[in-house]
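# Structure at a glance
Listed below, chain by chain, are the residues.
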Amino acid sequence: MSAGRLIAVVGPSGVGKDTVMEALCRAEPRLSLVRRMITRPEEAGGERFNGIDEETFRMMERAGEFALSWGAHGLFYGVPRMIEADLARGAHLLVNLSRGVLGEARSRFPDLEILTLTASRAVLEERLIARGRESWAGVASRLDRPQPIPPEGAVLIDNSGPLDKTVRMALEQLYPVSSTRLSS
Ligand SMILES: Nc1ncnc2c1ncn2[C@@H]1O[C@H](COP(=O)(O)OP(=O)(O)OP(=O)(O)O)[C@@H](O)[C@H]1O
Ligand SMILES: O=P(O)(O)OC[C@H]1O[C@H](OP(=O)(O)O)[C@H](O)[C@@H]1O
């Protein structure tokens, strides 16, 4: 069994992380998505996640049930510990992480790969409004969040253009040989 791969997809809210991750999974059967636990009602839509209340989140965190956890936008996010077993089985996992948790993620998973998605503020604003998941105030606070500099060693991909272009560029980086074969 070959070693698993943990690939963090990061970038500002609205840049398209969840959309790109889903498209990557459709295009590359070796990839699968990590389902996060979030203190957000599941009816909010967007990515597939498990919605839990804050008390449950705290309990799970104390019980060591998360490989990684963090807070952002007034919510808490947890990555189930189960990913360790999946990686040991050789899975190639895509996970949506906060940029604030990358240091910890790298010390816990030294082979962590990082895909940073970028887009201009105007594109982010347009996408967040069109998505309609947050209120106007929620959109404004996401846009006004200070943007950290891209983490060292990350692959930078511009997602301002069409989704299929982003997917092609990301796969070229993640699976250099097979994507060359596919496009030839
Ligand atoms: N390349 C693209 N072209 C056009 N629209 C896109 C593209 N990528 C994503 N979108 C749209 O932008 C919106 C935001 O995408 P998505 O929810 O995937 O972002 P996100 O980075 O996961 O945001 P958050 O961190 O807030 O969850 C969605 O409505 C999605 O359909
Ligand atoms: O800005 P940073 O800290 O990198 O990311 C913070 C969090 O914001 C997004 O969450 P959501 O899915 O929009 O709630 C990301 O998924 C991440 O968990």
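The present account deals with the structure reproduced in this document. (Residues numbered from 1 in each chain as written. Chains lettered and ligands numbered in written order. Predicted model: local features only at pLDDT ≥ 70, side-chain atom pairs only at ≥ 80, totals over all residues. Heavy atoms only, no water.)

Quick look at the sheet that holds strand β7 (residues 92-96) now. The parallel open sheet is built from 5 strands, whose spatial order is β2-β7-β1-β8-β9. Edge positions in the open sheet fall to β2 (31-33) and β9 (155-158), since each of these has one partner strand only. Along the sheet, successive strands turn relative to each other by an average axial angle of 30 degrees, direction set aside. When strand β8 (residues 113-118) meets β9, the two strands line up parallel, connected through 4 bridges. In the strand pairing of β9, L115 is matched with V155. Strand contacts of helix α1 (residues 17-27): β1 (5-10), β2, β7 and β8, with the helix running at about 165 degrees to β7, the strand carrying the most contacts. Contacting β1, β2, β8 and β9, helix α7 (residues 163-174) crosses the sheet at an angle of about 165 degrees to β9. (Pairing = 2+ DSSP bridges. Helix = DSSP H or I, 4+ residues; strand = E, 2+ residues; numbered from the N terminus. Axes fitted to C-alpha atoms, helices over the stretch in contact; angles between N-to-C directions. Contact = heavy atoms within 4.5 Å.)

Close to ligand 1 lie 16 residues, the nearest being S13, K17, T19, R131 and G161. The separation between an oxygen atom of ligand 1 and a polar main-chain atom of V15 is 3.4 Å. Taken by itself ligand 1 offers 640 Å² of open surface, and the protein chains cover 78% of this. More than half of the atoms of ligand 1 fall within 2 Å of the grid points belonging to the largest pocket. Put simply, the parts of the chain that give the shell around ligand 1 at least two residues each are α1 and α5 (121-131). With 3 residues, the single largest contributor to the shell around ligand 1 is α1. Taken together, the residues that form the shell around ligand 1 break down as 4 nonpolar, 6 polar and 6 charged. (Near = heavy atom within 4 Å. Polar contact = N/O pair within 3.5 Å; in protein donor to acceptor, adjacent residues only side chain to side chain. Areas by Shrake-Rupley, 256 points an atom, 1.4 Å probe, with all protein chains shown as cover. 1 Å grid on protein atoms, 1.4 Å probe; cavity = no way out; pocket = protein on both sides within 12 Å on 5 of 7 lines; lining within 4 Å. Sits in = over half its atoms within 2 Å of the grid points. Nonpolar A, V, L, I, M, F, W, Y, C, P; charged D, E, K, R; others polar.)

What follows is about the site of ligand 2. Around ligand 2, 15 residues are found, and the nearest of them are Y77, N96, S98, R142 and R145. Between R99 and ligand 2, the recorded distance is 2.7 Å, taken from a side-chain N or O atom to an oxygen atom. Here R145 contributes a side-chain N or O atom positioned 2.4 Å from an oxygen atom of ligand 2. The site holding ligand 2 turns out to be the largest pocket.

On to the side chain of S69. Tracing the backbone through its elements, the reader meets S69 in strand β5 (residues 66-72). A polar contact of 2.6 Å, which involves the side chain of S69, links it to the side chain of E61. Setting aside residues up to four positions removed in sequence, S69 forms contacts with F57, E61, Y77, G78, V101 and E104.

Time to look at the environment of I149. Within the secondary structure layout, I149 lies in the loop between α6 (136-143) and β9. Here the alpha-carbon distance between I149 and V34, two residues 115 residues apart in the chain, equals 25 Å.

In this section: the packing of α1 against α7. Between α1 and α7, whose axes approach to 10 Å, the crossing angle comes to 65 degrees. One way to sum up the angle between α1 and α7 is to call them roughly perpendicular. Note on packing geometry: the crossing formed by α1 with α7 is right-handed. Only L163, T166, V167, A170 and L171 of α7 make contact with α1, whose side of the interface consists of T19, V20, A23, L24 and A27. When its residues are assigned to classes, the contact of α1 with α7 shows 8 nonpolar, 2 polar and no charged. (Parallel < 35°, antiparallel > 145°, perpendicular 65-115°, else oblique. Left-handed = near helix turned anticlockwise from the far one by under 90°.)

Further remarks concern unusual backbone geometry. Residue H73 is not a glycine yet carries a positive backbone phi of 55 degrees. Position of H73 relative to the elements: it lies in the loop between β5 and β6 (75-80). In this structure H73 comes out as partly exposed when scored by relative accessible area, which is 32%. (Buried < 20%, exposed > 50% of the residue type's maximum accessible area, 1.4 Å probe, protein only.)

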